[in-house]
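Breakdown of the fold
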Amino acid sequence: MTKKTTVALLFGGRSAEHDISVLSARAIFRNLDRRKFRPISIYIDRDGRWRRVASPLFAADKLARRPAAGFLPWAGRPLARPFQADIYFPVLHGPYGEDGTIQGLLEMADVPFVGAGVLGSAAGMDKAVMKILFEARGVPVVPYRVVHETEWRKAPGSVLTRLRRAFSPPIFVKPANMGSSVGITKVRRSAEARAALELAFRYDRKVIVEAGIRGRELECSVLGNDRPAASLPAEIVPFRDFYDYEEKYLDGQTVFHIPAKLPAAVLAAVRKTAVAAFSACGCEGLARVDFFLEATTGRLYVNEINTIPGFTEISMYPKLWEASGLPFPRLVERLIDLGFERHRAKKRCVARTPR
Ligand SMILES: Nc1ncnc2c1ncn2[C@@H]1O[C@H](COP(=O)(O)OP(=O)(O)O)[C@@H](O)[C@H]1O
Ligand SMILES: [Mg+2]
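The text that follows walks through the structure, step by step, so that each part is easy to find. Every value quoted in this text rests on a predicted model; they were computed, and no experiment measured them.

1. Points about the nonpolar core
One finds F134, L218, C281, V289, F291, V302 and I305 to be the most contacted residues of the largest nonpolar core, which totals 30 residues. Secondary-structure elements contributing two or more residues to this core are α5 (127-136), β9 (215-224), α10 (264-280), β13 (285-294) and β14 (300-306). Looking at which element gives the most residues to this core, the answer is α10, with 6 residues. Mapping this core onto the domain boundaries places at least three of its residues in each of domain 2 (124-140 + 214-339) and domain 3 (144-211). Leave out the neighbours within four places in its chain, and L218 touches A234, E235, A260, L262, V270, V289, D290, F291, L293 and L300. V7, L63, V91 and I336 belong to the second-largest nonpolar core, a separate cluster that totals 29 residues.

What follows is the structure, encoded as structure tokens:
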């Protein structure tokens, strides 16, 4: 029998999406084929301390009870039980996990890991940067403006005037680096814009203001490294006014159509654009690309890319692969293979650098 591959699941984390991360890690833990893989569970608490735990299946208070350690040389005592894994799987959503920070740490350690590297992760986290990359590759994006905190603090009145001239309501105001709809407001009347910007600036120093698109929301899963493939797209039909935090995690009244009920030509365009968006951001491994399909014009826009999308058994990313013929356990296996493949390819380049 060949030796089992040890997979270290890194989950929890410092972001607002801590709880979702634990749920995603549980699903991956349950679906790792034990004939081939041995999971190691590393729980990162909300303060960024690491703990080796028996599994992600324990309740949050149990996870937090184990002895904690800093993982940087200057951050306190090291882990009591050091571990060594063949590959690392960051199952962390949002800042300090999905944004290139942990990927940088893993690169420094020269270990294989699942998903996008530093660049793709950072680009995919920042809604302003990802739009610039999309535009450069001809991937359609919703008309938008970026507002920096310094200009907002200096002259909010002129920022608001500028925005009023550029857009008519509804507009969407969002922090550049967040997720799960945290800090996002749909502004229906210009008078509400100020409060929306103030809220968004609580989460980030950079804020995106966008034209509100009336139409349908679509999502498509992408998988691969150099030759990424797109799944069948899905449609999300939010029950509330938009797909906000309550709706995503608390209400559970959203309707999902898998696959989306759309003409074949539209489905094909979504898949092609999803792959273009993935490549534009320099992603690797996996990403979920989210779209708007405008009602009046039939225009397709990429809203955003998520490099570590929700990964529970009922999450869209694995669901779409399941619908496309790749069941959850095989999807996880494929992602691990892609992580090894990328690490080997990178090693070959390093071997070529002159000393
Ligand atoms: N420009 C827009 N037009 C219409 N709806 C939008 C727009 N931007 C965001 N939304 C709504 O808000 C939700 C969350 O916005 P999104 O940019 O995806 O942020 P997050 O990264 O938090 O998921 C979307 O799923 C959609 O329902
Ligand atoms: Mg989103």
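2. Looking at the sheet that holds strand β8 (residues 206-211)
Pairing is antiparallel across the open sheet formed by 4 strands, whose spatial order is β5-β8-β6-β7. Because the sheet does not close on itself, it has two edges, and the strands there are β5 (144-148) and β7 (185-187). Neighbour-to-neighbour, the strand axes of this sheet turn through a mean angle of 25°, independent of strand direction. As defined by bridge partners, strand β6 (residues 171-175) adjoins β8 across 5 bridges and the pair is classed as antiparallel. By the bridge assignment for β8, P175 is matched with V207.

Rules of the game
- Residues numbered from 1 in each chain as written.
- Chains lettered and ligands numbered in written order.
- Predicted model: local features only at pLDDT ≥ 70, side-chain atom pairs only at ≥ 80, totals over all residues.
- Heavy atoms only, no water.
- Core = buried A, V, L, I, M, F, W, Y, C linked by side-chain atoms within 4.5 Å.
- Buried < 20%, exposed > 50% of the residue type's maximum accessible area, 1.4 Å probe, protein only.
- Helix = DSSP H or I, 4+ residues; strand = E, 2+ residues; numbered from the N terminus.
- Domains from an automatic or database assignment.
- Contact = heavy atoms within 4.5 Å.
- Pairing = 2+ DSSP bridges.
- Axes fitted to C-alpha atoms, helices over the stretch in contact; angles between N-to-C directions.

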